[in-house]
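Inside the fold
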Amino acid sequence: MKKLFYLSISLIFVFGCADLDLQPTDMISEDAVKKDPKLVEAFLTKIYANAVFEPNEVSSMKGQERLTDAVVGAEYTLMAPWQNGVKASYSIPTSSGAHNNLNRWHYGNIRSCNEIIEILNNATFDAATVKQQIAEAKFLRAWMYLDMAKRYGGMPLEITAKSVDAGTDELMIPRSTLKATYDQIISDLDAGIADLPGSALYGKASKWAAFALKSRAALYAARIAKYHPQSADGLTSIPSGSAGGYYASALASANAVIDGGKHALHTGSNKETTFGEIFYKVKGISEIIFSEEYNTGLGKTHAWSGYALPDGFKAGWGSNMHMYVASDARFEYQDGSPGDTHHAKFNNKTFFDIEEVIYKKDPRYLATLFTPEDIFQGREVWFHDNSVGSGNKLGRAGNAVPKRAPGRNRNRGGRLIQKRVHPDVEFPAFGTDDVDYIVLRTGEMYLNASEAAFETGKMTQAKDRLNALRARVGMPAKTTVTLDLIKNERFVELYAENHRYWDLRTWRDAEAEIHLVTKFGTKWYRRKSDGMYKAKKWKWNFSQNTPFLPKMYWLPYGTNKLAQNPNLVENPGY
Amino acid sequence: MNKHYYISFLWIFFIGIGFLTAQKTVTGTITADGSPLPGVSVIEQGTVNGVQSDFDGNYTITLQDDNSSLIFSYLGFLTQTLSASSSTLDVSLLEDVAKLEEVVVTGYGSTTKKSLTGAIGTVSAENLTLKPAANTSTLLMGQVAGLSARQGGSLPGYDWATLSIRNFGSALILIDGVESNLGQLDPNDIQSISVLKDAAASIYGARAGNGVILVTTKRGSDDAQGAKFTYHGTTTWSNLITMPKTVNAHQFAELMEENGLGAENEMPEYLDYDTTRKRVYNRITGKDFDGVDWYRTAYKDWAPQTQHNLSARGRGEKMGYFISIGFTDTESAFRDADYTHNRYNIRTNLDAKFTDNLSAAIDLSYRQTTLDRANFGISEMYNRLATGKPTNLPVFPDPSFASQTGAATPYSPIYMVRKSHSGTRLDRDNNLQARISLKYDVPFIKGLTAIASLNMETQTEWNKQIQKKFNMYTYDPLDGEGDAAYTFFGTYQRDFISVNSDRDMELLPKLTLNYENSWDQHDLRATLVAESTTFERDYLMGSRTDPLSFEAPYLNYSSEAERNNAEIFSQSARSSYVGRVNYTFDQKYLFEATMRADATARYAAEGRWGYFPSVSLGWRISEEDFLKDSSTWNNLKLRASYGVMGNDAVSNFDFLTGYNISSGFYMFDGKPYPIISSAGLANALVTWETMKIANIGLDGTLWDGGLGFEIDAFYRLREDILALPDSDIPFHFGASLPKTNLNSRDNRGFDLMLKHKGKIGNVSYSINPMVSYSRGKYVNWEENILPTTGVDAATAKANAEYNRRYVLTGNWDDRQWGYQTNGFFTSQSQIDNHPVDIDGAGNATVIVGNLIRIDQNGDGKIDWKDQIVIGQGGMPKWNYSTNMSFKFKNWNLDMLWQGASGYTITFGGAAGPWSHSGHQTVAKSFAYENRSLRGANGDIEVVKAFPPTFTTGGIPQVDNVATDFNRIDAMYLRLKTVNLSYSVGKAFVDRLGLNAVQLYVAASNILTFDNLGVYSGSYDPEITTGTDGGNIDRAYPNNMTITSGIKIGF
């Protein structure tokens, strides 16, 4: 009986036993990473993946979010008022820190940069690899600080991966001044210029990418120094005295790219095609300095064309990005006459020839936009709201004309964004695009150089750099340059490339250009007998106009972030 | 000494002879309520000697001992023990109105209701099977006070119900002791269900924190009555309770005109809008075009479901068995859809007795569910359905041309649900469970039993998606006749095949020792259990695009270009020891103590073992002398319990540091590069959440069942909730501190159940109302609480304001914050004169129709400081229900009323006040009817419940914030089920050669009262979020059903 008792007791323990020392299947130890350059590379790749090169694109919310920068910057707007970009454009940020999807906090990824630099500083493998990987980490850190500085002003600067046990003083650092923030960015880029290869793997940072980003950062710093009022704490301003130095730096860096020869402007005989193909070919175009790559086969895709394509050429959404009349006015005619030359005819009475009014515009306009009877994939894109009279004059491509264009083409702006849409892909399934995203290209460098030269009194250089861009698309040269001219050229060249909003903010032009400015779209009416058009402007503001108050030059940190660190100061006005 | 021994032996010998020679026979009649009671078990106490009363209630038993007592027992009646002093003993049994003898399944054992010390609610088989439900979980609705079963929709295969005990969160569900899925169990297999609401669940340790639901399946019947076969079949017709009613074409066009989009932009060319008559008409025929309701095109009226179950149940001398096979087939309410859901259940529960001491239970169960349907995403389907314009035809005159909705994303929901267009999707789940348990009654120690069991389970969820690309067209008869009227519009999806398999394997060995003994007034029971679990899961998927032909829809024959595959493997393990002691003194004072030790592989060795004790007490007051002979009190018992439990499904390997390998990649030069990311800082001590629950309860039965009650009050403290202790580091540190067991929350509430039984004439009836309340608070939360002392006055004030709005500690856990509103602006001059800055821009962006948000702090502007609590979450704090049962001769009528309150529904998106102005989603009728109307100058002339349409539509930005405007503190009362059954007379049944025949009709969800106001009838108050977690217009509504059923015993 005792035996039975012991047997039972021992059985109890046998039955209650399972192997509890299990391991997860997806982890690698810290030591392994420190020793293996391949794993460091994989960690560095994570920073690329999370750096958000394409504005507002965060892996979980691809789609209309990426359009926010353009809508808040009043470049174009979207089909529906509930889309996040439109909502962001109406939203006045408050002390709660919420501004829909304009917010961007990169500190997790910045810590990864700092950790990598620390690992590499102690690494024992190949010195050349170490040097290059440190430079890449610094380039990426500069990218992310710039992405935050342009939003929030001076940032708390974290340039080492701190220990949790660090004292309060070390952890609760205040914001650095905006100048110190920009100087940190520029110093990281200088490290990149020194140590990054002149010829990097496509999609990776090169010496030229570091030059180009430095040119952009220095130009932003210079504009803020020159055009923004001084704040006492230096968190939202840069001393005006340093403007000259930053302009010089922006000019030198832009010229380094232009004169380096590695990334020459893309040119060709058909001006419209040449300009357009930059954006849908991307890879292999000399002008591309830095880009993010997509691949349908591997499942890394986006939905740009799904949003952009007009009705009649698409499977799903589409007809989403509509140009304002005010933006149209900025694109000159090929003979150099002003972009709004024919706008007086948009009176709902005068009939005009679209070959004259639309198809004589800057080739960049034609490459950037879908316009009435634009020939795409061999067929016309229809925009007309209605047909007038009788007759059967065929369209520009020789096709019969519907009485009215499909609803979504006609009920908003009257022109749709075409830039980056691949013309060879017909009826793509929504969300299967793999046209790469351009982060840095030489066209911007010419504009940076022109503006920086102008601001530092180098008028000839300012003019030459500007005219080089115009010459590439066959537009007549400007004989003199003004800042307004340079700004307009920048608008035209970089339209719908997510520059406009940040340019307006750094120039301090946003109130004038955006605040409660009434926006207009165009409605087109086609005469059946001869294919002539009449048009009318119509007020189009989704119920409310876009506000831009002075405080909005700097987004708020928000009460929740301030609550974490008593040494942080909120931006003015919140 | 020896002599004495000898004499004693002789005495015993003679007495023994005397017994054998003086055998005594007792006869009598057993009645209840004056009528003879057949089938009553009569057993001589302390022996296995027993008989049953015959059809006339008579019995005859020959006693082994002259002075024996006889035990008379019959299910549903109080057991009586009487001394067999005379040879005739007539007995009148009393009904067990307090169900004191009812067996209640508890953790690792069972007990009778009278000895229960915990708060355990029970549901018996009879309450489950004569009701319609495709998903078994929904049958628990309104059965146990404190158990809420909210139905979130009725789409077959997705017809889940949220089972939550006292709003604690999802409960642990054990079927015959193994964690399992209740929804797909055949209800005919269920013997009983116990709901462990308090410390009674502690015995399940680290998994039991949210309470435990124990389901016991049927076994061989208790009495040797031979084989009993039962067939139970039902046919159910279901119809949607609510369906949003959309505007017709004329109203739609009118709204488009009002919001500035222009009616003609929103319709095909062959239609036009007459602005003066406000009518849409066909330009070819000149006739008015009323439009099409896409919802009514998509849904049909009645969808069928059939259920069949055949079972055999019996017990012989050596063998007991329950064998059951069930089949359920359900269609969806989508018209013309390829959508079926079916389920097979097979179960064999065998009991074998090898020797007097050794017996075995051998259980096998298999379940297969198949969801076979067209390939479409459920929430996308709802989204598209909500956008189908009344001016666009869902089905064209030639239906082979697929329609499009006319909306921005135009994919036709009518064709999505057809396999011929969208492809197919097959989900097949298999579950096989086998268990052998050997029971050994240890012969040397009276009352000791050992049970060794091994349970194995394997589950496979297999899924294959064949996605087809299909073409959509626009239809315009102006373009010509026949095919010429159709223009290619675009395509939906691309050709794609994917196969997923998710295979689980679980092994669960268990050893149990039970000891039971009674002496004098003492009853002692003890249980010791050791068990362990190992669990493995292997997920495997592969996909490719562009199959060569859909004739051969297999991965092998698809494009090599876009091959994709993945494997995810995971495992877990647990070891547990359980002990329990029950002690009863004098049948009055009850004591129970349990202890469980659990260890799980999720945590580091340091914090792996956890100990979960509980103690509970009972006092049967009605057994005390002062109440024992009371004619009022049949039963009165006071219960109290305290226990500790855990919730260990909160962390998985969080104690390890290092780098995680991501399944993602980033591209350089055309190639994918792998990604690893830092797993962050780790905490080796991370462990489970701890729940402490205290419960006090009182059960009573009065006036022979005229009134019964069970009331329980509880308090649960949930501690060691994992949190990131980030309040000491700022966001720019760049990493989160490791998860630490820091936070605590609590719940408090009560459950009350009343019972009343009575008889009016020939109708006997019972009414069983119950109500429960539960609400929780954050007790201690890891967060920034700003100082309000030791700082200057302005900072203190600002900090206090921040704390009021953002601090959770000490506050209810269901507060929804937002702005209080006071209607909307009806004129521009009202905006111009408005003293409060609503938009932060001096009201420059405010327009007529915008909400007037109230400036709570009077600082002249609206910001987060003006937010107040405007709602209390989607989980009802109050749940109430009433079961009613009426019996008249062979007729039985049962009703279940069920309701809830203390929760908030937000009518957002297309379900909200602004839906009439969105051009994407088609407005609902209630939005059209309740919109305010503008006059010529843009000011509002006719004020109704909702703002007017806005120019070009959408929710204006100033209003796109959480407000009380579109929220309702909801409540409802619903006739959940009603059931009328008829038992065919015995004479007729006998003539058919059957045992029993029961016919019934039942209906569910046929009547609802709610307070949803203008939304009532359009939305179901039981559904608070859409299928995709979004707005409630994106949900498959609940069904009302009508069932006819037959149950035949033979």
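Residues numbered from 1 in each chain as written. Chains lettered and ligands numbered in written order. Predicted model: local features only at pLDDT ≥ 70, side-chain atom pairs only at ≥ 80, totals over all residues. Heavy atoms only, no water.

**Quick look at the sheet that holds strand E14 (residues 172–175) of chain B**
Residues and elements named next belong to chain B. One open sheet accounts for five strands, arranged E11-E16-E17-E14-E15; its pairing is mixed. Edge positions in the sheet fall to strand E11 (120–124) and strand E15 (178–179), since each of these pairs with one other strand and no more. Taken together, the four bridges between E14 and strand E17 (residues 212–217) define a ladder with parallel strand orientation. Each bridged residue has a counterpart across the sheet, and for Leu172 the counterpart in E17 is Val212. (Pairing = 2+ DSSP bridges. Helix = DSSP H or I, 4+ residues; strand = E, 2+ residues; numbered from the N terminus.)

**Here's the deal with the packing of aromatic side chains**
Under the criterion given, the structure shown has 75 aromatic pairs over all chains. Here the aromatic rings of Phe229(B) and Phe1050(B) are separated by 5.6 Å at their centres, their planes lie at 15°, and the arrangement is stacked. Placement of Phe229(B) in strand E18 (residues 228–240) and of Phe1050(B) in the segment after strand E51 (1039–1049) is noted, with a sequence separation of 821 residues between them. In this structure Phe229(B) comes out as partly exposed when scored by relative accessible area, which is 35%. According to the relative accessible area criterion, Phe1050(B) is partly exposed, its value standing at 37%. Where Phe327(B) meets Tyr344(B), the ring centres are 4.7 Å apart and the plane angle is 40°; that geometry is what we call tilted. Here Phe327(B) is found in strand E22 (residues 319–331), whereas its partner Tyr344(B) is found in strand E23 (residues 339–353), with 17 residues between them in sequence. Under the relative-accessibility criterion, Phe327(B) is labelled partly exposed at 23%. Here Tyr344(B) falls in the partly exposed class, since its relative accessible area comes to 38%. Here the aromatic cluster, defined as three or more aromatic residues joined through ring pairs, consists of Tyr48(A), Phe53(A), Phe139(A), Trp143(A), Phe290(A), Tyr666(B), Phe668(B) and Tyr673(B). Sitting over the ring of Tyr324(A), Lys519(A) keeps its end group 5.4 Å from the ring centre. (Phe/Tyr/Trp six-rings, centres within 6.5 Å; stacked < 30°, edge-to-face > 60°. Buried < 20%, exposed > 50% of the residue type's maximum accessible area, 1.4 Å probe, protein only. Lys NZ or Arg CZ within 6 Å of the ring centre and 35° of its normal.)

**Looking at the pattern of salt bridges**
Pairing is possible between side chains of opposite charge, provided their charged atoms come close. In total, this model carries 96 salt bridges over all chains according to the counting rule given. Across the pair Asp147(A) and Arg151(A) runs a salt bridge, and its minimum N-O distance is 3.0 Å. Linking Asp147(A) with Arg151(A), this pair stays in helix H7 (residues 127–152), spanning four residues, or about one helical turn. Judged on exposure class, the residue Asp147(A) and its partner Arg151(A) are both buried. Linking Lys419(B) and Asp372(B) is a salt bridge whose minimum nitrogen-to-oxygen distance equals 2.8 Å. With Lys419(B) in helix H7 (residues 419–422) and Asp372(B) in strand E24 (residues 358–374), this residue pair connects regions lying 47 residues apart in the sequence. Sharing partners across several salt bridges, the network here consists of Glu287(A), Glu332(A), Asp362(A), Arg364(A), Lys419(A), Arg441(A), Arg470(A), Arg472(A), Lys478(A), Glu489(A), Glu493(A) and Glu497(A). (Salt bridge = Lys/Arg side-chain N within 4 Å of Asp/Glu carboxyl O.)

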